Amino acid sequence: MEIGIVGLPLSGKTTLFNLLTRSSAETGFGSGRKKSNVGQSRVPDPRVDRLGEMWKTKKTTHATIRYVDVAGVEQASGHETKGLPAEVVGDLKATDALLVVLRDFENAEVPLPDGSLDPVRDLETLRTEFLFSDLAIVENRIERLAKQKGKVDKAQEIEKKLLERCREVLEGEKRIADLPLDEEERKILRGFQFLTMKPLVVALNVSEADLPRAAEVVAPIAARIDGPLVHTTFLCAPIEKEISELGPEDARAFMDDLGLPESAADRIIRSCYELLGLISFLTMGDDECRAWTIRKGTHAQQAAGTIHSDLERGFIRAEVIRYEDFVAHGSHAHCREKGLVRLEGKEYVVQDGDILNIRFGV
Ligand SMILES: Nc1nc2c(ncn2[C@@H]2O[C@H](COP(=O)(O)OP(=O)(O)OP(=O)(O)O)[C@@H](O)[C@H]2O)c(=O)[nH]1
Ligand SMILES: [Mg+2]
């Protein structure tokens, strides 16, 4: 799973990237014109840590998400759009979701690319760029299909009608994600990797002074981009940086002082995970306790394949214990006595927090 971090120049993209992935990529003026930054974040999951403690296991492994931090999107003057640079579109197309960073902080040392602070305007700029990028692809394809006159087959006819619907929503300044689509239509559109079809997390980078009233500050942004597959949130990058540099106890005390239930990095990582429709199942043992990423609705046999292809190929049954049951009863044997260990077949739909043990033979 990969998330693209995108925003106007100097909005704090790389600062957020560094927080999410615990990296130290160069930030500040001009740094974003060089190449994109790529890194991974751990998806925080206290269940993995808890299982690790119970098993006194050597190794715990969390689910991960990849992030790519692309160059800043330049604002065009007036109502024109500049068009996204090809490298940016290329990087973003390959991602599963977009994380948009909007600047809402003053910093005398960091110039405002547009001379004024206006996150709503910046969001509109980005939205417009995404819409235009998709519209260009849609029009191009429609034109090609139209040129093929005479030998347009049934599948192409369906595709053309669908693209015309896409064109209509985009021209109405809405996202393709706003269009109700069935599974078949989604499949047809998947290959185009449209930017406005991707889930969107919008993160407002607020100043320290605004942090206590962040919910109010975020409201107009959230109102602007309400819709399916959108999540709006906030962070204050320098505060987050401080939190990330503290030990766990000091960090907790500092966040309590600020009234923050958890770090923004953790919150944003989790929002991305949820918005992508991802869940985790768990495996445990002396060697390793681990979270594995699957999409909601994945069947047991397919889930087994994320661990190893042999487990999918030779799948016999999945032994399933709920995480809460295991923690409440303390051991596999106790769970068995209570009838809390289930045997499920290949069609079983794996749930978030299921602990799986796959029985297989190859
Ligand atoms: N005061 C303040 N400064 C910030 C905040 N977030 C980022 N900065 C500073 O703003 C500058 C730009 O941050 P970057 O993370 O490099 O921004 P960017 O969006 O990656 O910039 P480009 O890649 O050049 O487009 C850096 O000097 C950061 O330290 C913030 O919330 N408050
Ligand atoms: Mg940058």
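The sections below set out a description of the structure shown in this document. (Residues numbered from 1 in each chain as written. Chains lettered and ligands numbered in written order. Predicted model: local features only at pLDDT ≥ 70, side-chain atom pairs only at ≥ 80, totals over all residues. Heavy atoms only, no water.)

1. Some points on the packing of aromatic side chains
Per the stated rule, a full pass over the model turns up three aromatic pairs. Plain terms: the ring middles of Phe192 and Phe194 are 5.2 Å apart, the flat faces sit at 15 degrees to each other, and that makes the pair stacked. In terms of burial, Phe192 and Phe194 fall into one category: buried. The cationic tip of Arg267 hangs over the ring face of Phe234; the distance from NZ or CZ to the ring centre is 4.6 Å. The ring of Trp292 has Arg290 lying over it, and the distance from NZ or CZ to the ring centre is 3.8 Å. (Phe/Tyr/Trp six-rings, centres within 6.5 Å; stacked < 30°, edge-to-face > 60°. Buried < 20%, exposed > 50% of the residue type's maximum accessible area, 1.4 Å probe, protein only. Lys NZ or Arg CZ within 6 Å of the ring centre and 35° of its normal.)

2. Quick word on the sheet that holds strand β2 (residues 37-42)
Spatial ordering of the open sheet is given by β2-β4-β1-β5-β6-β7, a layout of six strands whose pairing is mixed. Edge positions in the sheet fall to β2 and β7 (230-235), since each of these pairs with one other strand and no more. Across the sheet, the mean angle separating the axes of adjacent strands is 25 degrees when strand polarity is ignored. One ladder, built from six bridges, connects β2 with strand β4 (residues 64-69); its direction is antiparallel. Within β4, the residue paired with Gln40 across the bridge is Arg66. Relative to β7, helix α10 (residues 264-275) is tilted by about 175 degrees, and along the sheet it contacts β1 (2-7), β2, β4, β5 (97-104), β6 (200-206) and β7. (Pairing = 2+ DSSP bridges. Helix = DSSP H or I, 4+ residues; strand = E, 2+ residues; numbered from the N terminus. Axes fitted to C-alpha atoms, helices over the stretch in contact; angles between N-to-C directions. Contact = heavy atoms within 4.5 Å.)

3. Topic: unusual backbone geometry
Positive phi is not limited to glycine here, since Leu10 has a value of about 60 degrees. The topology assignment puts Leu10 in the loop between β1 and α1 (13-21). Positioned with a positive phi, Gln193 is a non-glycine residue whose angle comes to about 50 degrees. With respect to the helices and strands, the residue Gln193 is situated in the loop between α6 (183-190) and β6. For Gln193, a relative accessible area of 34% corresponds to the partly exposed category.

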